[in-house]
Amino acid sequence: MADEGRASFLADSLRAHALQFERPLAPEHDAAAGGRMLAAFVAVGLGVFYALRLGLAGTPAGASTFVAGLLAAFLVAQRQLVRSPWSDIGLRRPSAWTRRERLYAVQCLVLALPAFAFVFRDRLRGLVELHGPLGFVVFSVLTGLCWGIAQEFLYRGWLQTELTRRFGAAAGLLLANLVFTFGPLHMDHLLAQPSPHWNTLAAVFGIGLLFGLVYRRSGNLWIPALLHGLWPLNMS
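Residues numbered from 1 in each chain as written. Predicted model: local features only at pLDDT ≥ 70, side-chain atom pairs only at ≥ 80, totals over all residues. Heavy atoms only, no water.

Asker: Describe the overall build of the chain, naming the residues involved and giving the relevant values.
Answerer: When helices and strands are counted, the chain shows nine helices and zero strands. For the chain, the spread of C-alpha atoms along the three principal axes comes to 60 × 45 × 35 Å. Expressed as a percentage of the 236 residues in the chain, the buried residues total 44%. Counted over contacts in the chain with a minimum sequence separation of 6, partners at least 24 positions apart contribute 77%. Summing over all exposed atoms, the chain offers an accessible surface of approximately 11900 Å²; the carbon and sulfur share of this is 68%. In the chain, the 20 positive side-chain charges and the 13 negative ones have mean positions that sit 3 Å from each other. (Helix = DSSP H or I, 4+ residues; strand = E, 2+ residues; numbered from the N terminus. Buried < 20%, exposed > 50% of the residue type's maximum accessible area, 1.4 Å probe, protein only. Contact = heavy atoms within 4.5 Å. Areas by Shrake-Rupley, 256 points an atom, 1.4 Å probe, with all protein chains shown as cover. Lys, Arg positive; Asp, Glu negative; His and termini not counted. Charge placed at Lys NZ, Arg CZ, Asp CG, Glu CD.)

Shown next as structure tokens:
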């Protein structure tokens, strides 16, 4: 039995890392709910985003308040405007996760955290020196985590889900990622002078494509949201 358990664990782990999940993204909401998702995306991803950004830029506390405000706006819009189950945008309860989803999430986190700590050690050390230990936890780690989660909720949860319903899995993923890369989140890189930061935009497109693919194959938005949230370049 122990050997069978180990074999099953290994097999499910390998399938998970090959993105062979049991429940890929398959939107079930209707056209009316999809229209509300796009309206919510415009209202929060553009309207609230720019309003908060203009009003709260410049300080660590302002950045944390900006991220908290954006997440709060998402939650309100999902409840009051979109009015569809959380599971429609991939936010399933932990009890509803499959074994492969759990294995993938845990194993990625176990591998990613020490790898990120090593690769970005100079950046992380600089943030600790800038904010102090407590400030690093609040203004860098927690704010960075929530910032990554907010981006995935907006661009994968609302946008990719609805574009997938309208245009299919591949087109939905690509279109959402183009907006993620060249839209308001990274507009500064696109409009940079004397020329756009193409290398940065290419990196953003690549990592966004990975997160979008994980969401497409798993149908579980929490997985890319947590991985994005722990990406050290979110931290400031």
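Back to the text.
Asker: So what's going on with the packing of helix H5 (residues 121-167) against helix H8 (residues 198-218)? Residues and values would help.
Answerer: Axes are the key here: two packed helices are described by the angle between their axes and the distance separating the axes. Look at H5 against H8: their axes get within 11 Å of each other, and the N-to-C directions meet at 55 degrees. With respect to H8, the element H5 is oriented oblique. As H5 runs across H8, the sense of the crossing is right-handed. Contacts between H5 and H8 involve Glu152, Arg156, Gly157, Gln160 and Thr161 from the first element and Gly208, Phe211, Gly212, Tyr215 and Arg216 from the second. Split into classes, the residues belonging to the contact of H5 with H8 amount to two nonpolar, five polar and three charged. (Axes fitted to C-alpha atoms, helices over the stretch in contact; angles between N-to-C directions. Parallel < 35°, antiparallel > 145°, perpendicular 65-115°, else oblique. Left-handed = near helix turned anticlockwise from the far one by under 90°. Nonpolar A, V, L, I, M, F, W, Y, C, P; charged D, E, K, R; others polar.)

Asker: Account for the layout of surface pockets, naming residues and giving values.
Answerer: By volume, the largest pocket amounts to about 810 Å³. Lining the largest pocket are 30 residues, with Trp147, Leu185, His186, Leu233 and Asn234 sitting closest to its centre. Every element with two or more residues in the lining of the largest pocket is listed here: helix H2 (31-56), helix H3 (60-82), H5, helix H7 (187-190) and H8. Among the elements that make up the lining of the largest pocket, the one with the highest residue count is H8 (five residues). (1 Å grid on protein atoms, 1.4 Å probe; cavity = no way out; pocket = protein on both sides within 12 Å on 5 of 7 lines; lining within 4 Å. Points joined across faces, edges and corners; volume = space filled by probe spheres on them.)

Asker: Which residues make up the environment of Arg165, and what values do they have?
Answerer: If you trace the backbone, Arg165 turns up in helix H5. Take Arg165: its relative accessible area is 28%, and that puts it in the partly exposed class. The sequence separation of Arg165 and Glu28 amounts to 137 residues, and the corresponding C-alpha distance is 8.0 Å. In this structure Arg165 touches Pro27, His29, Asp30 and Ala31, once residues within four positions along its chain are discounted. A polar atom in the side chain of Arg165 sits 2.9 Å from the side chain of Glu162. (Polar contact = N/O pair within 3.5 Å; in protein donor to acceptor, adjacent residues only side chain to side chain.)

Asker: Account for the nonpolar core, with residues named and values stated.
Answerer: Leu70, Trp147, Phe153, Leu154 and Trp158 are the most contacted members of the largest nonpolar core, which has 33 residues in total. Among the elements of the structure, H2, H3, H5, helix H6 (169-182) and H8 are those that each provide at least two residues to this core. In this structure Leu154 touches Phe41, Val44, Gly45, Leu70, Phe74 and Leu159, once residues within four positions along its chain are discounted. Ala16, Ala105, Val214 and Leu227 belong to the second-largest nonpolar core, a separate cluster that totals 11 residues. (Core = buried A, V, L, I, M, F, W, Y, C linked by side-chain atoms within 4.5 Å.)

Asker: Which residues make up the side chain of Thr164, and what values do they have?
Answerer: Structurally, the position occupied by Thr164 is in helix H5. With relative accessibility at 8%, the residue Thr164 sits in the buried group. A polar atom in the side chain of Thr164 sits 2.7 Å from the backbone oxygen of Gln160. If near-sequence neighbours (up to four positions away) are discounted, Thr164 is found in contact with Leu25, Pro27, Ala169, Gly172 and Leu173.

Asker: Break down the pattern of salt bridges for me, citing the residues and quoting the values.
Answerer: Taken as a whole, this structure holds 10 salt bridges when the rule is applied. Asp188 is the salt-bridge partner of Arg53, the closest N and O atoms lying 2.4 Å from each other. Taken together, the positions of Arg53 in helix H2 and Asp188 in helix H7 put the pair 135 residues apart, joining distant regions of the chain. Here Arg53 falls in the partly exposed class, since its relative accessible area comes to 28%. For Glu162, the salt bridge is made with Arg166, and the minimal N-O distance between the two is 2.4 Å. Taken together, the positions of Glu162 and Arg166, both in helix H5 and four residues apart, correspond to about one turn of that helix. Judged by its relative accessible area of 0%, Glu162 is buried. Judged by its relative accessible area of 42%, Arg166 is partly exposed. (Salt bridge = Lys/Arg side-chain N within 4 Å of Asp/Glu carboxyl O.)

Asker: I'd like a rundown of the packing of aromatic side chains, residues and numbers included.
Answerer: For the structure shown, the criterion picks out 13 aromatic pairs. Between Phe41 and Tyr155, the aromatic rings sit 5.0 Å apart at their centres with planes inclined by 85 degrees, giving edge-to-face as the arrangement. Placement of Phe41 in helix H2 and of Tyr155 in helix H5 is noted, with a sequence separation of 114 residues between them. The same class applies to Phe41 as to Tyr155, namely buried. Considering the side-chain rings of Phe120 and Trp231, the 5.3 Å spacing of their centres and the 75 degrees angle between planes classify their relative orientation as edge-to-face. Here the residue Phe120 occupies a position in the loop between helix H4 (99-119) and H5, and Trp231 occupies one in the segment after helix H9 (222-229), the gap between them amounting to 111 residues. Taking the relative accessible area as the measure of exposure, Trp231 reaches 25% and is therefore partly exposed. The structure contains a cluster of three or more aromatic residues connected by ring pairs, namely Phe74, Trp86, Phe153, Trp158 and Trp222. (Phe/Tyr/Trp six-rings, centres within 6.5 Å; stacked < 30°, edge-to-face > 60°.)

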